[in-house]
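A look at the structure
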Amino acid sequence: MPILQELLAAVEGRRGTDAADRLCEACVDLFDVDAAAISLVFDGTNAGTLGSSGASARRYDELQFTLGEGPCLESVARRVPVLVDDLSDPKDTRWPAYGPAMLANDIRFVFAMPVVVAGEHVGALDLFRALPGRLNGEEISGAVVAAELAGIPLLDLMNGDLAAAAGDPTSDAWAELNSLSRAEVSQATGMLVAQLGIEPTEALVRLRAHAYATGRSATDVARDILDRRLRLDAD
């Protein structure tokens, strides 16, 4: 079966995050990669993970949020596909933090294709592989199609939440879409602002820095702050 038909079959009859996850799983099945994720990017920040092929893919995606750099952010900012054959190449220093972090996760190849909705670059399809190298022409063409299909689950979530809000003004509008965002990080950042008397930007930098230094995700650190298991010092 041609790649296009297989990608369409993967999302047929599914909606929202279920369709996004299945699309990522299909990318791993069809392309020579080990993991795939669909990143949401707003205002230059990796705002959430729409879909993934599994826990490892979500971890690779969240690292882009924690470190503030990576293929999805560059792909959206430049509005072009971004491909790195080998993150271990000493001549490639575009991501001084994300590159070594991915190598520590045994990932050497990364590829990001922009996801465009209504003319706006809202995210990227990210592909990850342990082995260096390139995708072949058919795989790259398939990745283009997959990135186009990735916009459908996002529109589905937006339309579903909008319809719910219109039908019931007391409903939690945009609830499902909001659930994808890193809300716990925002809440923990606010708590740090109150505790340390610092600006929100500095609070977020401190949270991310602690996550990076301890080898944890920003979301896990945020949960510890919210549950008062962790308190960052003023210094």
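Just above sits the structure.
The present account deals with the structure reproduced in this document. On a predicted model such as this, the values are computed, not experimentally measured, just so you know.

**Describing the packing of aromatic side chains**
Geometrically, a pair of aromatic rings is defined through the distance of the ring centres and the angle of the planes. Inspection of every chain in the model, using the stated rule, returns two aromatic pairs. Ring centres of Tyr60 and Phe128 lie 5.2 Å apart, and the angle between their planes is 65 degrees; this geometry places the pair in the edge-to-face category. With Tyr60 in helix 3 (residues 55-67) and Phe128 in strand 5 (residues 120-129), this residue pair connects regions lying 68 residues apart in the sequence. A relative accessible area of 7% means that Tyr60 is categorised as buried. Where Trp95 meets Tyr98, the ring centres are 6.0 Å apart and the plane angle is 85 degrees; that geometry is what we call edge-to-face. With relative accessibility at 7%, the residue Trp95 sits in the buried group.

**Regarding the nonpolar core**
Residues Leu7, Leu23, Phe31, Ile38 and Leu127 are the most contacted members of the largest nonpolar core, which totals 33 residues. In this structure Ile38 touches Ala20, Leu23, Cys24, Gly48, Thr49, Leu50, Gly51, Asp61, Val115, Ala124, Leu125 and Ala150, once residues within four positions along its chain are discounted. Within the second largest apolar cluster, 17 residues are counted, among which are Ala35, Val84, Met102 and Phe128.

**Some words on the pattern of salt bridges**
Counting across every chain of the model gives 15 salt bridges. The residue Arg129 makes a salt bridge to Asp32 at a minimum N-O spacing of 3.5 Å. With Arg129 in strand 5 and Asp32 in the loop between helix 2 (16-30) and strand 1 (35-42), this pair connects stretches of sequence that are 97 residues apart. Given a relative accessible area of 47%, Asp32 falls into the partly exposed group.

**Points about helix 4 (residues 71-78)**
Of all eight residues in helix 4, six are buried; the element is thus mostly enclosed. Regarding helix 4, the residues found buried are Pro71, Cys72, Leu73, Glu74, Ser75 and Val76. Positive phi shows up at Arg79, right after helix 4, with a value of about 60 degrees.

**Some words on the sheet that holds strand 5**
Spatially, 2-1-5-4-3 is the arrangement adopted by the five strands of the open sheet, whose pairing is antiparallel. Strands at the two margins of the open sheet, each flanked by one partner only, are strand 2 (45-52) and strand 3 (82-84). For this sheet, the mean inter-axis angle between neighbouring strands, taken without regard to orientation, is 25 degrees. The pairing of strand 1 with strand 2 spans six bridges and is antiparallel. By the bridge assignment for strand 2, Phe42 is matched with Thr45.

**Some thoughts on the pairing of strand 4 (residues 109-117)**
Most of strand 4 is tucked away: eight of the nine residues are buried. Alignment of strand 3 against strand 4, held across three bridges, turns out to be antiparallel. From the neighbouring strand, Val82 faces strand 4, where its bridge partner is Ala112. The pairing of strand 4 with strand 5 spans nine bridges and is antiparallel.

Cut-offs and rules
- Residues numbered from 1 in each chain as written.
- Predicted model: local features only at pLDDT ≥ 70, side-chain atom pairs only at ≥ 80, totals over all residues.
- Heavy atoms only, no water.
- Phe/Tyr/Trp six-rings, centres within 6.5 Å; stacked < 30°, edge-to-face > 60°.
- Helix = DSSP H or I, 4+ residues; strand = E, 2+ residues; numbered from the N terminus.
- Buried < 20%, exposed > 50% of the residue type's maximum accessible area, 1.4 Å probe, protein only.
- Core = buried A, V, L, I, M, F, W, Y, C linked by side-chain atoms within 4.5 Å.
- Contact = heavy atoms within 4.5 Å.
- Salt bridge = Lys/Arg side-chain N within 4 Å of Asp/Glu carboxyl O.
- Pairing = 2+ DSSP bridges.
- Axes fitted to C-alpha atoms, helices over the stretch in contact; angles between N-to-C directions.

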